[in-house]
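# Residue-level structure breakdown
Chain by chain, the residues run as shown.
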Amino acid sequence: MAEFTYASAGVDIDNADDTKREMARSLETNDARVLNKIGAFATLFDGHFPEYQHPVLVLKSEEPGSKQKLAFANGHYESVCYDLVNHLINDIIVMGAHPLSMQDVIVCGKMEKEVITRVVDAMAAACRAQDCSLTGGETSEQPGVVPAGTYVLTASVVGVAEKSQIIDGATIRAGDKVLAVASNGLHTNGYTLVRALLDAQSDLAETDVDGETFLDAVLRPHLCYYRAVRDLFTADSLHGMAHITGGGVRDNLGRVLPANLDAQVDLSAFEIPAIFRTLHQRGQLDPADMVRTFNMGVGLTLVVAADSVEQTIQHLSAHECRAYTIGEVTTGEKKVHYSGELAL
């Protein structure tokens, strides 16, 4: 009778240990708030915030959705890590939070050292780019549960905000303006539809989209807006923010509107990147479905006092973020109303 071992069942502990030693180098940090090193059972993070009168922790978990399947299938390991980190940070900054630390989870059918180290390197670099530390997480090899060559990523972020300066939409009022902050493409939504189109049209991946291939255009990493908006957190003129993900502007902006207010949004004002026009043409997609599935060029919305529009736009421009007016807040019942048509 054959001898059974963990390795013969598909898990190589020696390979896992060697891979984790490589990962530890990626996770080295100069952040004095991280009190222990990789190898401990959990991360110790100093919770002393002397610069805050009443610090509030802001928590979020996320995964990059089916974009990771497309990215990994085409060797774009690093870009999807930036997607995950940037999406998470965008979700907490709209509440006025500064990112502190992030923990990742990598589940795979077979632990491939090169792939894992590339992923962790990229996650750590994406965090450092936003003044945040990747402090650890979990890498789990699960043969028979996940096919070899398949990776499932997820992560959680911890941020901190001053309680009196939390941005939750409570100060939004009628007459405020809605600003769009430009996306660089799809970010992390609509990829089940994109993959279906790629499967149906063999030439689509190499189709030119404004000087690059369709595949490269849809695999651009999600933009992070933290550095552009963090100095606005204390501005009295900033009344609300929404990260535009699945559901588009209507569903996401609606989440921050007070119960007695509506937002009137002009679709014809949207500055639409070329990738969306290609999707519309090649997929014969319905514009109404597109505006709910994709961000259509709007990665973030800011609700600001009417007299601060130009100042806010100039501030964002100085951080290489294009912003422009797409709507106005009116009395109502917490709904976002569209007018005009997308310029597809």
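Our structure is the block above this text.
This report concerns the structure included in the present document. Keep in mind the model is a prediction, meaning the values are calculated, not measured.

Quick look at the overall build of the protein now. Counting secondary structure elements, the protein contains 11 helices and 12 strands. Against the 2.2 N^0.38 benchmark of 20 Å for 344 residues, the protein shows a C-alpha radius of gyration of 22 Å, consistent with a compact globule. Considered along the principal axes of its C-alpha atoms, the protein spans approximately 75 × 55 × 35 Å. When burial is assessed residue by residue, the protein has 50% of its 344 residues classed as buried. Sequence separation of at least 24 residues holds for 86% of the intrachain contacts in the protein that already meet a minimum separation of 6. Here the protein displays about 16,000 Å² of accessible surface, and carbon together with sulfur accounts for 49% of that area. With 27 positive and 46 negative side-chain charges, the protein shows a separation of 2 Å between the mean positions of the two kinds.

Relative to the assigned elements, Q130 resides in the loop between α4 (113-128) and β3 (133-141). The class for Q130 is buried, based on a relative accessible area of 9%. The residues touching Q130, leaving out its near neighbours within four places in the chain, are N86, I89, P99, C224, Y226 and R227.

Glancing now at the pairing of strand β5 (residues 177-182). In terms of residue burial, β5 counts as a mostly covered element, since 5 of its 6 residues are buried. Here 6 bridges tie β5 to strand β10 (residues 298-304), and the two strands are oriented antiparallel to one another. By the bridge assignment, K177 is partnered in β10 with V304. As paired elements, β5 and strand β11 (residues 323-331) share 5 bridges and run antiparallel to each other. Note that in β11 the partner of K177 across the bridge is E328.

With that settled, consider the pattern of salt bridges. For the structure on display, the rule yields 13 salt bridges. The shortest N-O distance in the salt bridge between K177 and E328 comes to 3.4 Å. On the criterion of sequence distance, the pair formed by K177 in strand β5 and E328 in strand β11 is long-range, its members being 151 residues apart. Classification of K177 by relative accessible area gives partly exposed; the value is 23%. Judged by relative accessible area, E328 falls into the partly exposed class, the value being 32%.

Conventions adopted
Residues numbered from 1 in each chain as written. Predicted model: local features only at pLDDT ≥ 70, side-chain atom pairs only at ≥ 80, totals over all residues. Heavy atoms only, no water. Helix = DSSP H or I, 4+ residues; strand = E, 2+ residues; numbered from the N terminus. Rg over C-alpha atoms; globule rule 2.2 N^0.38 Å. Buried < 20%, exposed > 50% of the residue type's maximum accessible area, 1.4 Å probe, protein only. Contact = heavy atoms within 4.5 Å. Areas by Shrake-Rupley, 256 points an atom, 1.4 Å probe, with all protein chains shown as cover. Lys, Arg positive; Asp, Glu negative; His and termini not counted. Charge placed at Lys NZ, Arg CZ, Asp CG, Glu CD. Pairing = 2+ DSSP bridges. Salt bridge = Lys/Arg side-chain N within 4 Å of Asp/Glu carboxyl O.

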